[in-house]
Amino acid sequence: MIAENAYPNQCVLKLAFLVDKEGGSLYDIRIYISCHQNSYVPKHPLLYPIQTGTALSCERYDHMLHDDIGDNISDRNPMYCELTAQYWAWKNEDADYYGFMHNRRYLSFSEHSYPVDQNGYIQLGLIDEAALEMLGYSQESMLNIIEGNDIITTVPVSLKRVSGLPMNKRDILGQYACGLQHNRSDLEIALQYVREMYPDYAQDVEHYVKSKSASFYNIFIMRKRYMVEYSQWLFSILEKLEGIHSPDDTSEYGMRYIGFVAERLFGIFLTHQLRT
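Residues numbered from 1 in each chain as written. Predicted model: local features only at pLDDT ≥ 70, side-chain atom pairs only at ≥ 80, totals over all residues. Heavy atoms only, no water.

S.K.: Which residues make up the pairing of strand β3 (residues 29-35), and what are the values?
M.R.: Burial runs high along β3: 7 of the 7 residues are buried. Burial of β3 is two-sided: the residues Ile29, Ile31, Ile33 and Cys35 facing one way and the residues Arg30, Tyr32 and Ser34 facing the other way are all buried. Sheet topology places β3 next to strand β6 (residues 97-102); 6 bridges connect them, and they run parallel. In the strand pairing of β6, Ser34 is matched with His102. (Buried < 20%, exposed > 50% of the residue type's maximum accessible area, 1.4 Å probe, protein only. Helix = DSSP H or I, 4+ residues; strand = E, 2+ residues; numbered from the N terminus. Pairing = 2+ DSSP bridges.)

S.K.: Give me the lowdown on unusual backbone geometry, citing residues and values where you can.
M.R.: One non-glycine residue with positive phi stands out, namely Cys81, at about 55°. The topology assignment puts Cys81 in the loop between α1 (77-80) and α2 (83-92). Judged by relative accessible area, Cys81 falls into the buried class, the value being 11%. One non-glycine residue with positive phi stands out, namely Tyr217, at about 85°. With respect to the helices, strands and loops of the structure, Tyr217 is situated in the loop between β11 (213-214) and β12 (220-223). Here Tyr217 falls in the buried class, since its relative accessible area comes to 6%.

S.K.: Go over the pattern of salt bridges with me, naming the residues and quoting the values.
M.R.: Taken as a whole and assessed by the stated rule, the structure comprises 9 salt bridges. In this structure, the salt-bridge partner of Arg195 is Glu206, at a minimum N-O distance of 2.8 Å. Taken together, the positions of Arg195 in helix α6 (residues 184-197) and Glu206 in helix α7 (residues 202-209) put the pair 11 residues apart, joining distant regions of the chain. Arg195 gets classed as partly exposed once you look at its relative accessible area, which sits at 27%. With a relative accessible area of 32%, Glu206 lands in the partly exposed category. One connected set of salt bridges, linked through shared partners, spans Asp28, Arg30 and Glu93. (Salt bridge = Lys/Arg side-chain N within 4 Å of Asp/Glu carboxyl O.)

S.K.: Please set out the packing of aromatic side chains residue by residue, giving values where relevant.
M.R.: Throughout the structure, instances matching the rule amount to 22 aromatic pairs. Ring centres of Tyr32 and Tyr48 lie 5.8 Å apart, and the angle between their planes is 45°; on these two criteria the pair is classed as tilted. Of this pair, Tyr32 sits in strand β3 while Tyr48 is found in strand β4 (residues 47-51), placing the two residues 16 residues apart along the sequence. Ring pairs connect the aromatic residues Tyr32, Tyr48, Trp88, Phe100, Tyr198, Tyr201, Phe220, Tyr230, Trp233, Phe266 and Phe269, which therefore count as one cluster. Sitting above the plane of the Trp90 ring, Lys91 keeps its charged end 4.1 Å from the centroid. Sitting above the plane of the Tyr193 ring, Lys240 keeps its charged end 4.9 Å from the centroid. (Phe/Tyr/Trp six-rings, centres within 6.5 Å; stacked < 30°, edge-to-face > 60°. Lys NZ or Arg CZ within 6 Å of the ring centre and 35° of its normal.)

S.K.: Any details on the environment of Arg275? Residues and values, ideally.
M.R.: Tracing the backbone through its elements, the reader meets Arg275 in helix α9 (residues 257-275). Placed 71 residues apart in sequence, Arg275 and Asp204 show a C-alpha to C-alpha distance of 8.2 Å. Those residues in contact with Arg275 that lie beyond four places of it in its chain are Asp200, Gln203 and Asp204. At a separation of 3.0 Å, a polar atom in the side chain of Arg275 contacts the main-chain carbonyl oxygen of Asp200. (Contact = heavy atoms within 4.5 Å. Polar contact = N/O pair within 3.5 Å; in protein donor to acceptor, adjacent residues only side chain to side chain.)

Structure follows, in structure tokens:
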């Protein structure tokens, strides 16, 4: 489940996949909370707030990490959205596990089952220290879940439950085409790049795009090996997508197409890892 909060709503996503492909116990865990605005992030030893798009901001938030230091793509944040934090961590940080959440979307580590909406959200007011306690954010609970697993992410969203989505659009391609200011061709081009650049992913593309459930939000925790593999794979594809649109032919929201496409590519990567 995802938990969403008050600016706008923060949500909590329930953990779904615990993919253990290696053995072992590792301890350096860094979960980055992407913040495009000056947001409140509760103090926690495993949470690292990071300002995204810092290179384009007139203000640096002094209580956060910044995505414009070292090797970075901070100035491409209008297209890449929260992925500029992932790129920065991949290129500049060294940890055993890397996690990524948003200032308004957190994973729930709780054993309790809370009511969720059609998007898998547990709607909350503000995610503060009390909310983290409710969501199972004691270090012991988190370590018990994270250590020994390779990939942790959310329960897939069932597209069959999404109101307003036509019955013939309840798969990955159909849902994307129905999204606000989404161009189906953007995703189709990206999928073709995957087939051409990574032929061993071709069957995973075909399987996932027909799926009736989706892994959205660019939220996950991965062991270093898989985080590096995913980042190399993902950013090599997204780089080829740059230039499809410009601010002259689409809106500010539409320019976020790379971030939107990446949400769907994550599901393909996950499908491949589960298969292999």
